[in-house]
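Tertiary structure, described
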Number of protein chains: 4
Amino acid sequence: MILNPDQLAEVAAARAETSPTRRATVPALDAILHEPLPVLGEGFVRVVDYMGDDPAIVQAARVSYGKGTKHVRGDKGLIDYLMRHKHTSPFEMCEIKLHVKLPIFVARQWIRHRTASVNEVSARYSVLEDGVYRPDPADLAAQAATNRQGRGEPLDPATAEAVLARLDGGAARAEADYRWLLGEGEGGVGLSREIARMTLPLSTWTQWYWKTDLHNLLHFVRLRGDPHAQLEIRAYAERLLEVVRLWVPLASAAFEAHRMESVELSRDAFSVLRRMLAGEAVTEASSGLGGREWRELMAQLGRDGG
Amino acid sequence: MILNPDQLAEVAAARAETSPTRRATVPALDAILHEPLPVLGEGFVRVVDYMGDDPAIVQAARVSYGKGTKHVRGDKGLIDYLMRHKHTSPFEMCEIKLHVKLPIFVARQWIRHRTASVNEVSARYSVLEDGVYRPDPADLAAQAATNRQGRGEPLDPATAEAVLARLDGGAARAEADYRWLLGEGEGGVGLSREIARMTLPLSTWTQWYWKTDLHNLLHFVRLRGDPHAQLEIRAYAERLLEVVRLWVPLASAAFEAHRMESVELSRDAFSVLRRMLAGEAVTEASSGLGGREWRELMAQLGRDGG
Amino acid sequence: MILNPDQLAEVAAARAETSPTRRATVPALDAILHEPLPVLGEGFVRVVDYMGDDPAIVQAARVSYGKGTKHVRGDKGLIDYLMRHKHTSPFEMCEIKLHVKLPIFVARQWIRHRTASVNEVSARYSVLEDGVYRPDPADLAAQAATNRQGRGEPLDPATAEAVLARLDGGAARAEADYRWLLGEGEGGVGLSREIARMTLPLSTWTQWYWKTDLHNLLHFVRLRGDPHAQLEIRAYAERLLEVVRLWVPLASAAFEAHRMESVELSRDAFSVLRRMLAGEAVTEASSGLGGREWRELMAQLGRDGG
Amino acid sequence: MILNPDQLAEVAAARAETSPTRRATVPALDAILHEPLPVLGEGFVRVVDYMGDDPAIVQAARVSYGKGTKHVRGDKGLIDYLMRHKHTSPFEMCEIKLHVKLPIFVARQWIRHRTASVNEVSARYSVLEDGVYRPDPADLAAQAATNRQGRGEPLDPATAEAVLARLDGGAARAEADYRWLLGEGEGGVGLSREIARMTLPLSTWTQWYWKTDLHNLLHFVRLRGDPHAQLEIRAYAERLLEVVRLWVPLASAAFEAHRMESVELSRDAFSVLRRMLAGEAVTEASSGLGGREWRELMAQLGRDGG
């Protein structure tokens, strides 16, 4: 259960209210406003508010009195051009505000994105009530062999079960300690919340309001949606990309083509490519690239590096 | 004339369009959306978009599922508390986007506020067509005698007229040079716009889209609406304070009471005050304050410093 | 033990190396460079590098070719003036880089200061080896009765001992779980580090390099050194204030007098003060202040509010 | 003449002073410390202070107790890896402070880089005394025909001379107006400096202290050193790249290979490349790229686009 009945009622009330406005409005995003979009089981992303749309990007780039260009086609061309040439400031002119429920270890990665505004629930002020994130057994994997950070082979089902049991046991004991320290039950001590919370695990659910602009949101999606990012934060990045597609379809398409799925080649890697195009059979030895960069280039080209 | 007929038509078209939305909406601000609010004669501020309202500040501070508190009175108390104790992050949760027409020398002061997004018209890309800011004769004043920066006595009308004539003459010649360099008229050379513009004076009108959050907007209003700020940027700060009053009346009232018109006393100045309240006749000599700070304190207390 | 022998040797080697430089140098800060200054038992702050000194603040404020003013007295007066009038940009011209060891729940408060650069040890990449923060028994206190956040009465010694035992037990079990998940000992599963770490408690020690400018450092010290801040982060803020005193004694003194120990009075509170100075016996009822603000004002004046 | 005798003496005095320090020191950068490096004739960049070196980047990335890796080779490999994979935070751990003399129209482009600290001379407080930037005749060019922004063909010498005469004339008249308004000479009115300055042209020299970190400095160099940037700011970017090469040679080399001279290909452009490598004769029509992107790709490949 993602929301309790009180929360469901509050969300429903927020969704029920509609006002007329002269502001740029995106019906597809308005349609899902306030609704929790599930992530990681009991976590969620809720779009609470937004400002701007695709034409607003064009409007800012042109410092115009009216909206966008005269034609969607003109907007598309300009947005594509801005994205390709990294004219990023017009993308800052759209803003979004989210309510997110996420595990603390994900929050610690997320907060590294500094160009954003944040209000998080305070464990000094309130008792944390939402328990912990519990991974899906299929997401449990061994340490990667070839990579200092990241997951390798999935665990076999029996081992995964044992791991989950251990995680569950730890979380249950931490919860019991927390409650005891706070003074619940018999003999509890009524310890200050700000101290008691330090016994909680990093998997504990937290919540925040997070507001950022489209440029910084896309930067977040690119970094945290990357295959090298941890699976748990990637799940949020993927949800956010879906939100962006609803919100600003032109900017989103340009972003996916020119940023998310682009390839940046170093001066030397690009020179290797040009030699290849000229018909030369370049090898690792003749490429002048370091071994690591050579292998990355071969992977990008879908070759085996041999 | 602030807007030409094409611009008027574009603004009218933008104002004519209304959409339903589930977002927080402020009818009083919506009512003036897109309209140019005049500043410095031909300059203006236009609110192009906004996000959030008073309850949105409360909602973020509480990381809540619904809107604000249940009662306006509760919202007011919490907003006041947040402002008084400088819990600034919930005020970042409201955002505003403005279209501003302003002289370049004002733009150079304004841009020092870094936590904002900006798109300015490019004099590399376009010919600047709006001419220059022309001060009101009543605003022309001699250099302040007691203050290295700032204005002193107003000029007498005849001198003011002479100054305006000189300013007008300089602006007209600069405009003629600019046009000639750009290749207008006979014998013009078609110089690159990016070079030609360097002959324009700092009084030249420019325009930008500027987007910031409420916290940073209030900071701007406090610094640039201060009596020590230059009259020209103060005119914009005052317009923006009027906008804020329409937008978030509770936050605006709290800001005016606790920030804009507050008094910050140093440790030593406050200690002087406490001695005075205890009945001591503190003098500059016995105060322990530097002469400058003593005079500032006497001014704040409405005393003559003697 | 704060550092292990290898770390001690690395620090000693860094301290042993001296180079001549034309840069502004502060011997008092150089004297403690690289040394861990203990905080919270096994935590620390180490100054790793710094840029600028008191005269550098003056130099930037004057955009001068040489250093500071001609006289220390001139520097002191200008720095005091800049601080009193919140001309903050010259204070941004000094920079400091710290290596900090701190509990994760403190790191989560600290990271909210966005204008800074951070490199933290990665629990995806490395196994966390430093264990957990263990509070001093004297710092264990009950939840404050009058304050939703913060500590009230200290626990009696027997209860404090019971709490510490519980905290220790929880930490030991979490550590054992973590090691087992990572595959240490018999039957360990070799789970990916990035998942295993989520079982660790918020009291776990982490480390980071943190770099910021003097203005933002002072802002940190003011907010986190405040009596309302949590004791654990306050311990870091106090250490940092000691560092600032060594580094920029003039700026530090101005900061303490005009920011850290200053009193900001709202428009209405200041008006109450002026009425009192004029001899009026203002009461809560006649003050026009809310109850909360009235009590705060009485506390600042050292009165009982009656 | 870039510096007057007083300024030369101040710089010489600053250069004459040397202190021992335990901080990371770069002799090659120390060697030019405080010296004005000429840009655009009478403009300059002076390195006033710096923090960090190549090993400091490694040290932060590893959150280590000592310096860098054990070997320069290890530092080089890691710095290259960080740059290639855009792990930007360790590059933020180096900081530099510059004194820059530059024309106002360049300052207006420069200030758009927000992650920096700035102190500029105030034309409210001081009379601007340095006159205006005067372009080299060889740098005068016609408006580009194929590009809305930027320069095309150089002017022929006679036209260039006429343009310079016009620029000189305008600057001289503006200077005379400014002096008259300030009250110099007979009949001057003593107008407030903050108003008088608005008659000055955008070519007027200004000065500032500007401080930023290495990551943001490299970003500046990449954007402003790009062939599409205006020649005048490019001149500063090129000087800054020379400074970076002295300061952090490993980071500088990695930056030039992986950022400055890299090529970013969109998803679709890269797919075209792969088809070409597989032997297909891809044409504009069969490429699926827009005309503009196709031509850009052909230019990057050194082909004529036919």
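1. Quick look at the overall build of chain A
- Helix and strand counts for chain A stand at 13 helices and 9 strands.
- By principal-axis analysis of the C-alpha atoms, chain A measures approximately 80 × 60 × 30 Å.
- Within chain A, buried positions represent 47% of all 306 residues.
- Put simply, 62% of the contacts in chain A that link residues at least 6 apart link residues at least 24 apart.

2. Considering the interface of chain A and chain C
- Each side of the interface is counted separately: chain A has 45 residues, and chain C has 45 residues.
- Element by element, the count of residues in the side of chain A that touches chain C is highest for helix α6 (residues 157-182) of chain A, at 11 residues.
- When its residues are assigned to classes, the side of chain A that touches chain C shows 23 nonpolar, 11 polar and 11 charged.

3. Points about the sheet that holds strand β3 (residues 43-51) of chain D
All names here are of chain D.
- One open sheet holds the 5 strands; their spatial order is β2-β3-β4-β8-β5, and the pairing between them is antiparallel. Each edge of the open sheet carries a strand with a single partner, namely β2 (36-39) and β5 (117-120). Shown here is a sheet whose adjacent strand axes are inclined to one another by a mean of 20 degrees, direction ignored.
- Relative to strand β8 (residues 205-213), β5 runs antiparallel, the two sharing 4 bridges. Paired with E120 across the bridge in β8 is W208.
- The strands that helix α8 (residues 214-224) touches are β4 (95-103) and β8; relative to β8, the one it contacts most, it runs at about 130 degrees.
- In the packing of helix α9 (residues 231-247) onto the sheet, the strands contacted are β2, β3 and β4, and the crossing angle to β3 comes to about 35 degrees.

4. Section: the packing of helix α4 (residues 72-84) of chain A against helix α10 (residues 249-260) of chain A
All names here are of chain A.
- As a packed pair, α4 and α10 sit with axes 9 Å apart at the nearest point and diverge in direction by 35 degrees. Helix-helix and strand crossings are classified by hand; for α4 and α10 the assignment is right-handed. Of the residues in α10, those touching α4 at D75, K76, I79, D80, M83 and R84 are L250, A251, A254, F255, H258 and R259.

5. Let's talk about the relation of the copies chain A and chain C
- Superposing chain A onto chain C takes a rotation of 180 degrees plus a shift of 0.0 Å along the axis, which leaves an RMSD of 0.1 Å. What the superposition gives is, in effect, a two-fold axis relating one chain to the other. Relative to the rotation axis, the C-alpha of A:P201 is the closest in chain A, positioned 2.0 Å from it.
- Looking at chain A, 100% of its interface residues are interface residues in chain C too, so the copies touch through the same face.

6. Some thoughts on unusual backbone geometry
- With a phi close to 55 degrees, A:K86 is a non-glycine residue in the positive phi region.
- Residue position: A:K86 is located in the loop between α4 and β4 (95-103).

7. Looking at the domain arrangement of chain A
- Examined at the domain level, chain A breaks down into domain 1 (5-129 + 203-260), domain 2 (137-199) and domain 3 (267-300).
- The C-alpha-based centres of domain 1 of chain A and domain 3 of chain A are spaced at 38 Å.

8. Digging into the interface of chain B and chain D
- Chain B puts 45 residues into the contact, and the matching count from chain D is 45 residues.
- The set of elements that each furnish at least two residues to the side of chain B that touches chain D consists of α5 (104-110), β6 (141-143), α6 (157-182) and α7 (193-196) of chain B.
- The leading source of residues in the side of chain B that touches chain D is α6(B), at 11 residues.

9. Quick look at the pairing of β2(D)
Residue and element names in this part refer to chain D.
- Examined bridge by bridge, β2 and β3 share 4 bridges and lie antiparallel to one another. For P38, the partnering residue across the bridge sits in β3 and is F44.
- Between the end of β2 and the start of β3, which pair antiparallel, lie 3 residues, with L40 showing a positive phi angle near 55 degrees.

10. As for the nonpolar core
- In this structure, A:I57, B:I57, C:I57 and D:I57 are the most contacted members of the largest nonpolar core, which totals 304 residues.
- Those residues within four positions of A:I57 in sequence are excluded, and the remaining contacts are A:I79, A:P90, A:F91, A:M93, A:C94 and A:A251.

Scoring rules and cut-offs
- Position numbers for residues start from 1 in each chain and track the written sequence from start to end.
- Lettering for chains starts from A, numbering for ligands starts from 1, and both go in the order in which the items are written.
- Predicted model: local features are reported for residues with pLDDT of at least 70 only, side-chain atom pairs are reported and counted for 80 or more only, and whole-chain, interface and lining totals are derived from all residues.
- Think of it this way: any DSSP run of H or I at least four residues long counts as a helix, any run of E at least two long counts as a strand, and we number them from the N terminus.
- With C-beta atoms placed from the backbone, a residue is labelled by how many other C-beta atoms lie within 10 Å of its own: buried for 20 or more, exposed for 12 or fewer, partly exposed between the two.
- Contact definition: two residues whose C-beta atoms, as placed from backbone geometry, lie within 7 Å.
- Note on residue classes: Ala, Val, Leu, Ile, Met, Phe, Trp, Tyr, Cys and Pro are nonpolar, Asp, Glu, Lys and Arg are charged, and everything else, Gly too, is polar.
- A pair of strands is considered paired only if DSSP assigns at least 2 bridges between the two.
- Angles run from 0 to 180 degrees between N-to-C directions of axes, and those axes are lines fitted to C-alpha atoms, restricted for helices to the stretch in contact.
- Two helices that cross are described as forming a left-handed crossing if the nearer one is turned anticlockwise from the farther one by less than a right angle, and a right-handed crossing if clockwise.
- Here the copies were fitted onto each other by least squares, based on C-alpha atoms from residues at pLDDT of at least 70 in both.
- For the purposes of this description, domain bounds are those given by an automatic or database domain assignment.
- Any nonpolar core is a set of buried residues, restricted to Ala, Val, Leu, Ile, Met, Phe, Trp, Tyr and Cys, that join up through C-beta atoms within 7 Å.

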